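A closer look at the structure
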Amino acid sequence: MRLLHTADWHLGKLLEGKSRLEEQRHVLGQFVSFAEETQADVVCIAGDIFDNGHPSAAAESLFYDTLKKLSNHGTRLVLVIAGNHDQPSRLEAIGPLVQEHGILIYGTPKTKLPSGKYGEFEVQSLDEGVFSAEIHGEKAVFVCVPYPSEKSLNEVLYQEEDAEEKKAADYSEKVKALFRKKAVWYEEDSVNVLVSHVFTLGCVKDGSEQGMMLGNSYLLPLEVFPKEAQYVALGHVHRPQKAVGSQGRIRYSGSPLPYRLQEAVIAKQCFLVELHPKEESKVQEYYFDNPKPIEKWVCKDYEEALRLCKEHQDRPCYVYLQIHTDTYIREEQLKELKTYKEDILEVIPLFSSQETEDVRETFLEKSFEELFSSYYKEKKGVEPEQEVVELLLGLLEKEGEDASGLDED
């Protein structure tokens, strides 16, 4: 069985307010070509199809069109799970329409699809999130666990039990229990695959997927993943990589496009995985071409910045522009730069080290209340009400961070 693994498409995502839809259309076209060239039997999309739960009509249209092309009239099985950015019910809503194309969509860990014909494949639904199918005369068992929130884990594991039992187990224990519950369906003579959307310990993140609630308890150790799974296809991290210590059995495919400046130096890819019963998986990497890279230009002065904008005005790229200067960049200068290079995302003046040190010293001399008041006045044009300041200071004190500690930082 040849499985093509991708994730984190984030269709509809903006970069500093600019649409990436045409670039996404370009790389997804490449992905469809990879599926054809490699003669993949199964395509696995491991979550975060969309960038939010209410995608635009254009983003949904691109998703549906790509699914149809990937399925190749039902001759290729396409498996989709929801990530934390997706709205499960919205993804699953098209299930009845796509079944005849060989497309299976799992929105939550509780989702159980009906058995039956999916395209040209006979699918046997074994449990919530578990199905089997025969591919090239070999049986394959898939365990599908869309983004497992604390709430969804409790719904699956502790449907009737006391609330205290829910609290007793930490997040990794709950995920491990869920994976073990599903792994009982794996067979010695089948191809066994796990698909999920989670963080693992040691994974290299780039800032694109760092939730406010993410703590160490949400980083899963390798022990939670069942050993019976020959390949674990993960989404959630935008940098393609092997899970540390997994010898390549557990992988993140990463996103097909860079979505932040920090991702600009990362080669974007997807994985072709060859699987047979009782054998280790064999993985090949396929790389995406970026039609419009994200770049950072550091210029010694305004004249150099203007020259670069003129030289590269016809080359597609997004630019974060940093300019060494002794004065602020004037409005007319910004307009002149963008006349030649419209996809400048940000212009940052870089002042001399002495001026920077002066600004830092001035910053450190001020109390948190003074800094907040200054910021508020700059943004709103008026001084903040004393009630607002007191409320903020009270919240900070409640979090164990008093004003003196913030001054030192």
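Residues numbered from 1 in each chain as written. Predicted model: local features only at pLDDT ≥ 70, side-chain atom pairs only at ≥ 80, totals over all residues. Heavy atoms only, no water.

If you walk across this open sheet you meet the six strands as β6-β5-β4-β1-β17-β18, and the pairing is mixed. Where the open sheet ends on each side, the last strands, each with one partner, are β6 (103-106) and β18 (282-287). Averaged over all pairs of adjacent strands, the angle between strand axes in this sheet comes to 20°, irrespective of strand direction. With six bridges connecting them, strand β17 (residues 269-274) and β18 associate as antiparallel partners. Each bridged residue has a counterpart across the sheet, and for C270 the counterpart in β18 is Y286. This element, helix α1 (residues 21-38), spans β1 (2-6), β4 (42-46), β17 and β18 of the sheet and lies at about 165° to β1. Here helix α2 (residues 57-71) sits on the sheet and contacts β4, β5 (77-81) and β6; the angle it forms with β5, its principal contact strand, is near 145°. (Pairing = 2+ DSSP bridges. Helix = DSSP H or I, 4+ residues; strand = E, 2+ residues; numbered from the N terminus. Axes fitted to C-alpha atoms, helices over the stretch in contact; angles between N-to-C directions. Contact = heavy atoms within 4.5 Å.)

Let's shift gears to the sheet that holds strand β21 (residues 344-350). If you trace the three strands from one edge of the open sheet to the other, you get β19-β20-β21, paired in parallel fashion. Pairing within the sheet leaves two strands with one partner each, and these edge strands are β19 (294-299) and β21. Neighbour-to-neighbour, the strand axes of the sheet open up by a mean angle of 15°, direction not taken into account. Across six bridges, the pairing between β19 and strand β20 (residues 318-324) is parallel. In the sheet register, E295 faces β20, and the bridge partner there is V319. Against the sheet, helix α8 (residues 302-311) engages β19, β20 and β21, with an angle of about 145° to β19.

Glancing now at the side chain of K268. Structurally, the position occupied by K268 is in the loop between β16 (250-252) and β17. For K268, the side chain forms a polar contact with the side chain of E263, separated by 2.7 Å. (Polar contact = N/O pair within 3.5 Å; in protein donor to acceptor, adjacent residues only side chain to side chain.)

Another aspect to go through is α1. Residues that lie three or four places apart on an α-helix share one face, since the helix turns once every 3.6 residues. With 18 residues, α1 should cover 26 Å at 1.5 Å per step; its first-to-last C-alpha distance of 26 Å lies within 8% of that length. All of the buried residues in α1 are L21, E23, Q24, V27, L28, Q30, F31, V32, F34, A35 and T38. Once α1 ends, the next one or two residues include Q39, with phi positive near 55°. (Expected span 1.5 Å × (residues − 1). Buried < 20%, exposed > 50% of the residue type's maximum accessible area, 1.4 Å probe, protein only.)

So, on to the side chain of H197. Topologically, H197 is positioned in strand β11 (residues 191-197). Looking at H197, its side chain comes within polar contact range of the side chain of N84, at 3.0 Å. A polar contact is formed between the side chain of H197 and the side chain of H236, at a distance of 3.2 Å.

Now for a negative patch on the surface. Side chains of E369, E370, E385, E387 and E390 sit close together on the surface and give a patch of like negative charge. Contributions of two or more residues to the negative patch are made by α11 (368-380) and α12 (386-398). (Patch = residues over 30% accessible without salt bridge, like charges linked within 9 Å, V, L, I, M, F, W, Y side chains within 5 Å. Areas by Shrake-Rupley, 256 points an atom, 1.4 Å probe, with all protein chains shown as cover. Salt bridge = Lys/Arg side-chain N within 4 Å of Asp/Glu carboxyl O. Lys, Arg positive; Asp, Glu negative; His and termini not counted. Charge placed at Lys NZ, Arg CZ, Asp CG, Glu CD.)

Using the criterion set out here, one finds 11 aromatic pairs in the structure. Aromatic side chains W9 and F63 sit 6.5 Å apart centroid to centroid with 75° between the ring planes, which places their arrangement in the edge-to-face category. With W9 in the loop between β1 and β2 (14-15) and F63 in helix α2, this pair connects stretches of sequence that are 54 residues apart. Judged by relative accessible area, which is 1%, W9 ranks as buried. Take F63: its relative accessible area is 1%, and that puts it in the buried class. One Lys or Arg, K292, reaches over the ring of Y318 and ends 4.5 Å from the middle of that ring. (Phe/Tyr/Trp six-rings, centres within 6.5 Å; stacked < 30°, edge-to-face > 60°. Lys NZ or Arg CZ within 6 Å of the ring centre and 35° of its normal.)

With their axes 10 Å apart at the nearest point, α1 and α2 run at an angle of 10° to one another. Comparing their axes, α2 and α1 come out roughly parallel. Judged by residue contacts, L21, Q24, R25, L28, F31, V32, A35 and E36 of α1 engage A58, A59, L62, T66, K69 and L70 from α2. Looking at the contact of α1 with α2 residue by residue, the class counts come to nine nonpolar, two polar and three charged. (Parallel < 35°, antiparallel > 145°, perpendicular 65-115°, else oblique. Nonpolar A, V, L, I, M, F, W, Y, C, P; charged D, E, K, R; others polar.)

Turning our eyes to something else, we now look at the pattern of salt bridges. All told, the structure shown has 20 salt bridges when counted by the stated rule. As a salt-bridge pair, K69 and D65 come within 3.1 Å of each other at their nearest N and O atoms. Taken as a pair, K69 and D65 lie in helix α2 at a separation of four residues, close to a single helical turn. The exposure class assigned to K69 is partly exposed, which follows from its relative accessible area of 47%. Sharing partners across several salt bridges, the network here consists of K18, K292 and D343.

Moving on to the pairing of β21. With six bridges joining them, β20 and β21 adopt parallel strand pairing. Note on β21: the bridge partner recorded for I323 is P349. Each parallel crossover has a hand, and for β20 linked through helix α9 (residues 331-340) to β21 it is right-handed. (Right-handed = clockwise from strand over helix to strand, strands pointing away.)

Right, let's get into the pairing of strand β9 (residues 130-135). Burial runs high along β9: five of the six residues are buried. Across four bridges, the pairing between strand β8 (residues 121-127) and β9 is antiparallel. Bridge pairing in β9 places D127 opposite V130. Turn length for the β8-β9 hairpin, with the two strands adjacent in sequence and antiparallel, is two residues, and the turn residue G129 shows positive phi of about 75°. Note that β9 and strand β10 (residues 138-145) share six bridges and pair antiparallel. By the bridge assignment for β10, V130 is matched with V143.

This part is about the environment of D289. As for its placement among the helices and strands, D289 is situated in the loop between β18 and β19. By relative accessible area, which is 52% here, D289 ends up exposed. Spatially, the C-alpha atom of D289 lies 7.0 Å from that of V27, the residues being 262 residues apart in sequence. Excluding its chain neighbours within four sequence positions, the residues that come into contact with D289 are H26, V27 and Q30.

Geometric values such as these leave the question of function open.
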